[in-house]
Amino acid sequence: MKETKNKQIIIDGDMILYKAACAAQQEMRWDDDIWTLQTNMSEAKADADRQLLAIQKRLQSKDILVVFSPRTTFRHKMWSDYKQNRKDKRKPLGIGELKEWMMAEYNSTIYENIEADDAIGIICTEDPENRVAVSGDKDFGTLPIMWYNHLKDVLRTITVAEANYFHLVQSLMGDMTDGFAGCKGFGIRTAEKWLHKHGAYWESVVAAYESKGQTAEDALMNARLARILRAGEYDRETHEVTLWEPKVNAKAESPQVPFQC
């Protein structure tokens, strides 16, 4: 892609890691009653290599930074149920060792107290003209950046107004995969219809919550959980996060493309 040639590629390492670790697992049947699960670390490493090389070739750049998440983040402290629906799910075999290998093999980083998504958001919004984010997570639509969805082979450049609008949508619909439900009864289409009818303002989001018997505090908590951090919202020395504050009567423009990438 000529738009991304020689730009720095900031990659969601968590997604590459998980996919590679899962692909390397194998079920083994020893007899009618005994099965085991094993992994091949060589295959996992090769899969991670293939994924990263494919991204570099597609975006025409060898300048990559692979970003991983720490064990806990500020969202876990804000919301006790954050990602708790995943705690009983078994992680792929060897994922810890594979992560260590990837961090040693590639230019990589971890920002303490924030997720890989947040670190990518900060890095890319610090220099949006020269960096491109890579992830298959739809939440990247809330960032004013160039974003490549490598799972769908889609490249988008998102404006500040579009990113702010997507954040309002996310604030309404929540994210059940991460353990916060948003406004009762609101999915993506309901959220977009509400903002179209009542205006893409923070006050409209609060009104939606209150119409369902929820509070402005509920709306703010969901908005903060949904927001991917941008430049200036994280202190690299103290690892402290500046939480998002809504702007009164600030309208976000509805985008020309669907919310999902």
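Structure: see above.
What comes next concerns the included structure. Small disclaimer: the values here were computed from a predicted structure and weren't measured.

The rules we used
- Residues numbered from 1 in each chain as written.
- Predicted model: local features only at pLDDT ≥ 70, side-chain atom pairs only at ≥ 80, totals over all residues.
- Heavy atoms only, no water.
- Helix = DSSP H or I, 4+ residues; strand = E, 2+ residues; numbered from the N terminus.
- Buried < 20%, exposed > 50% of the residue type's maximum accessible area, 1.4 Å probe, protein only.
- Lys, Arg positive; Asp, Glu negative; His and termini not counted.
- Salt bridge = Lys/Arg side-chain N within 4 Å of Asp/Glu carboxyl O.
- Polar contact = N/O pair within 3.5 Å; in protein donor to acceptor, adjacent residues only side chain to side chain.
- Contact = heavy atoms within 4.5 Å.
- Expected span 1.5 Å × (residues − 1).
- Core = buried A, V, L, I, M, F, W, Y, C linked by side-chain atoms within 4.5 Å.
- Pairing = 2+ DSSP bridges.
- Axes fitted to C-alpha atoms, helices over the stretch in contact; angles between N-to-C directions.
- Parallel < 35°, antiparallel > 145°, perpendicular 65-115°, else oblique.
- Left-handed = near helix turned anticlockwise from the far one by under 90°.

## Examining the side chain of Asp 175
Looking at the element boundaries, Asp 175 is found in the loop between helix 6 (160-173) and helix 7 (188-198). Despite its burial, Asp 175 pairs with no opposite charge; the closest candidate is Lys 138, at 4.2 Å N-O. A polar contact of 2.4 Å, which involves the side chain of Asp 175, links it to the side chain of Thr 177. Residue contacts for Asp 175: discarding those within four places in its chain leaves Lys 138, Asp 139 and Phe 180.

## Considering helix 6
The end-to-end C-alpha separation of helix 6 is 20 Å, in line with the 20 Å expected for 14 residues at 1.5 Å each. With 11 of 14 residues buried, helix 6 lies mostly within the body of the structure. Buried within helix 6 we find Glu 162, Ala 163, Tyr 165, Phe 166, His 167, Leu 168, Val 169, Gln 170, Ser 171, Leu 172 and Met 173. On its buried face, helix 6 is in contact with strand 8 (154-157), helix 7, helix 8 (202-211) and helix 9 (216-226).

## Here's the deal with the pattern of salt bridges
Under the definition given, this model contains 11 salt bridges. One salt bridge in this structure joins Arg 29 and Asp 32, with 3.1 Å as the shortest N-O distance. With a relative accessible area of 62%, Asp 32 lands in the exposed category.

## Some details on the nonpolar core
Ile 114, Phe 140, Leu 172, Leu 195, Trp 202 and Val 205 are the most contacted members of the largest nonpolar core, which has 44 residues in total. At the level of elements, strand 4 (64-68), helix 5 (116-126), helix 6, helix 7, helix 8 and helix 9 are the ones that each hand at least two residues to this core. If one sorts the elements of this core by residue count, helix 6 sits on top with seven residues. Within the second largest apolar cluster, 26 residues are counted, among which are Ile 9, Ile 11, Ala 20 and Ala 48.

## Considering the sheet that holds strand 8
A sheet is described by the order of its strands in space; here six strands give the open sequence 5-4-1-6-7-8, paired in mixed fashion. At either margin of the open sheet sits one strand with a lone partner, and together these are strand 5 (108-110) and strand 8. Averaged over all adjacent pairs, the angle separating strand axes in this sheet is 25°, with direction ignored. For strand 4 and strand 5, the ladder comprises three bridges, and the chain directions are parallel. Bridging from a neighbouring strand, Phe 68 pairs with Ile 110 of strand 5. Relative to the sheet, helix 5 contacts strand 1 (8-12), strand 4 and strand 6 (131-134), its axis offset from that of strand 1 by approximately 165°.

## What about the environment of Asp 153?
As for its position among the elements, Asp 153 is in the loop between strand 7 (146-149) and strand 8. Here Asp 153 falls in the partly exposed class, since its relative accessible area comes to 37%. A sequence separation of 95 residues divides Asp 153 from Arg 58, and the C-alpha atoms of the two residues are 8.8 Å apart. In contact with Asp 153, other than residues within four places in its own chain, are Met 1, Arg 58 and Tyr 148. One polar contact links Asp 153 to Arg 58, side chain to side chain, over a distance of 2.8 Å.

## Observations regarding the packing of helix 6 against helix 7
Where helix 6 meets helix 7, the closest approach of the two axes is 9 Å, and the angle between their N-to-C directions is 120°. When the interaxial angle is binned, helix 6 and helix 7 end up oblique. As for how helix 6 packs across helix 7, the hand of that crossing is right-handed. Each of Tyr 165, Leu 168, Val 169, Leu 172 and Met 173 in helix 6 lies in contact with helix 7, whose residues at this interface are Ile 188, Ala 191, Glu 192, Trp 194 and Leu 195.

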